[in-house]
Amino acid sequence: MNVSVVETLSEVAVEQWDRLAGANPFMRHGFLYALEVTDCLGPQGWYPYYILIRRNERLVAALAVYARDNSYGEFVFDWSWADAYERAGGRYYPKLVTAVPFSPVVGPRLLIDESAADPQTLAQHLIAAAIEICEQNELSSWHCLFPEESELDYFDAAGLARRLGCQYQWFNDDYQSFDDFLSQLSSKKRKEIRRERRKVNEQGVAIEALTADDIKPHHWEVFYRYYCATFHRKWGEPRFTLEFFKTLNDHLPGSAVLILASHDEEYVAGAFALRDESTLYGRHWGCSSYFDNLHFELCYYQTIDFCITHGLKRLDAGVQGEHKLARGFVPVKTWSAHWIRDERFRQAIDSFVLQEQRSMQSYIESLDGHTAFKRGQG
C-alpha cells in the first residue's frame, strides 16, 4: 500500500478517480479539475491536496482536502469557533477542509474502491493521512463537510465530532406530470403554487431549459452576468469564473442544466443546475429585472418539472429556505465531521455539537408537521 499526496488532479488519471467517485458530479474528476484550471480556487482561499492510496499502481482510495485561510463558501458555519479559538490565543487559520468548494452537496468524501476487501482499513488510512497533514503543518483542524451518512461510522471511529444540519429537498414519487405532483399537496398549497405559476405566465415570461451541447457560449455569458450581480448584491465576489461555466461541458459532459427566462425576446433571468443519473442539483440563479415569482418558477417549479420529465428521483436545491416546505420539499438531515488539534478546544467543540445536535433534531422533527403534502403523505 502506497500513500501519497499531490497538489493537482492532473496527476491522477480521470478514469481512476471517477471509478472511486461514482456518479455524483461534484466529486468527479472533471468538476474538481475544472475548479483548478479556471482560477476558481486560489482567489477564494482554497488550496487543494489529494490524498491517494495505491496498491500495485491501482488507485484504491482517495480524499480531496483543501488548506483554507477563511471559511467562505463552506456552508457549515464555524466563524464562532474561529473567533473563540483566536480569543483564547490560538490561530484557527489555516485549517484543512474536505468539501466540494462553494457547493453544499452531500456526497462521498472518502473515495474507496467498491471491490476492496478492507474498506474500513482504507478509510482509516485516509483519515489518518488528513490528520497527519494537520499535525505536520500545525493546522488547527480538519472539517469534512456534507459526507454521506454511510461514512459517519468511519469518522466516529477516528474520534471526530459529528455535527447535524438540515436541508430541504424534493423527492419524485414516480409522478407522471407536474399536476400529478400537485395532486398530492394540500388544497391550499396546490392553489398557491398554481397562482404563482400563472402570475409568471401572465407577465409574458418565456422559459427554456437547455442541457449539455445546447448551452452555447452566449448563454453562459448571459447567465454569468446575472450570477455575478447576485453575488455582488449579497455575498461579495463571485465564486466561479466565466471560463469555468464555458468549459464545464468539456470537463463534465452532459451534466449542466441551464434554465433561462426571457421577456420581449430578451433574456432576463437564469438558473444553473447539475445532474447525474438520479438527482438534479440546483445551484445558482440571477436576474436583470424583477418579475413576480420568477425565482420560484426557475429554481423550484421548472426544476421539479425537469426531474419528472427526465425520471430523476431527487431535487437538491441547496441550503436554507423554510419556504421550500410550502412547495413540496421536505427536511433532510446533513452531517459534517470535525477534528480539532488542540485537546482542550476539542472537548469544548464535542460538548457544543452534542447540544446543537439535540436542538437541531427537535427542529427537524417540528418541520415534519409543516410540509405541503396532504396529511399522511410526503
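Since the model is a prediction, treat every value here as computed from it, not as a measurement.

S.K.: How should I be thinking about a nonpolar patch on the surface in this particular structure?
M.R.: Together, Tyr-72, Phe-75, Phe-77 and Trp-79 make up an exposed nonpolar region whose accessible area comes to about 420 Å². Secondary-structure assignment places Phe-77 in the loop between strand S3 (58–68) and helix H3 (79–87).

S.K.: Got a minute to help me understand the packing of aromatic side chains in this structure?
M.R.: What characterises a pair of aromatic rings is the spacing of the ring centres plus the angle enclosed by the ring planes. With the rule as written, the count across this model stands at 35 aromatic pairs. For the cation-ring pair, Arg-68 lies above Trp-46, with the distance from its terminal atom to the ring centre recorded as 3.9 Å. For Arg-197, the ring lying beneath its charged end belongs to Phe-178, and the centroid distance is 4.3 Å.

S.K.: Explain the packing of helix H7 (residues 187–202) against helix H11 (residues 294–310) to me, please; I cannot follow it from the model alone.
M.R.: Two quantities define a packed helix pair, namely the angle between the axes and the distance from one axis to the other. At their nearest, the axes of H7 and H11 sit 10 Å apart, and the two run at 115° to each other. In terms of orientation, H7 lies roughly perpendicular with respect to H11. Crossing geometry of H7 relative to H11 is assigned as left-handed. Two secondary-structure elements touch here, H7 through Ile-193, Glu-196, Arg-197 and Val-200 and H11 through Leu-294, Phe-296, Glu-297, Tyr-301, Gln-302 and Asp-305.

S.K.: What exactly am I supposed to notice about the packing of H3 against helix H12 (residues 343–367) here?
M.R.: Close contact between H3 and H12 brings their axes to 12 Å; oriented N to C, the two are set at 150°. Relative to H12, the element H3 lies roughly antiparallel. Crossing of H3 over H12 shows right-handed handedness. Taken together, the residues of H12 that come into contact with H3 (itself represented by Trp-81, Ala-84 and Tyr-85) are Phe-345, Ile-349, Phe-352 and Val-353. Here the contact of H3 with H12 is built from residues that sort into 7 nonpolar, no polar and no charged.

Calculation notes
- Residues numbered from 1 in each chain as written.
- Predicted model: local features only at pLDDT ≥ 70, side-chain atom pairs only at ≥ 80, totals over all residues.
- Heavy atoms only, no water.
- Patch = residues over 30% accessible without salt bridge, like charges linked within 9 Å, V, L, I, M, F, W, Y side chains within 5 Å.
- Areas by Shrake-Rupley, 256 points an atom, 1.4 Å probe, with all protein chains shown as cover.
- Salt bridge = Lys/Arg side-chain N within 4 Å of Asp/Glu carboxyl O.
- Helix = DSSP H or I, 4+ residues; strand = E, 2+ residues; numbered from the N terminus.
- Phe/Tyr/Trp six-rings, centres within 6.5 Å; stacked < 30°, edge-to-face > 60°.
- Lys NZ or Arg CZ within 6 Å of the ring centre and 35° of its normal.
- Axes fitted to C-alpha atoms, helices over the stretch in contact; angles between N-to-C directions.
- Parallel < 35°, antiparallel > 145°, perpendicular 65-115°, else oblique.
- Left-handed = near helix turned anticlockwise from the far one by under 90°.
- Contact = heavy atoms within 4.5 Å.
- Nonpolar A, V, L, I, M, F, W, Y, C, P; charged D, E, K, R; others polar.

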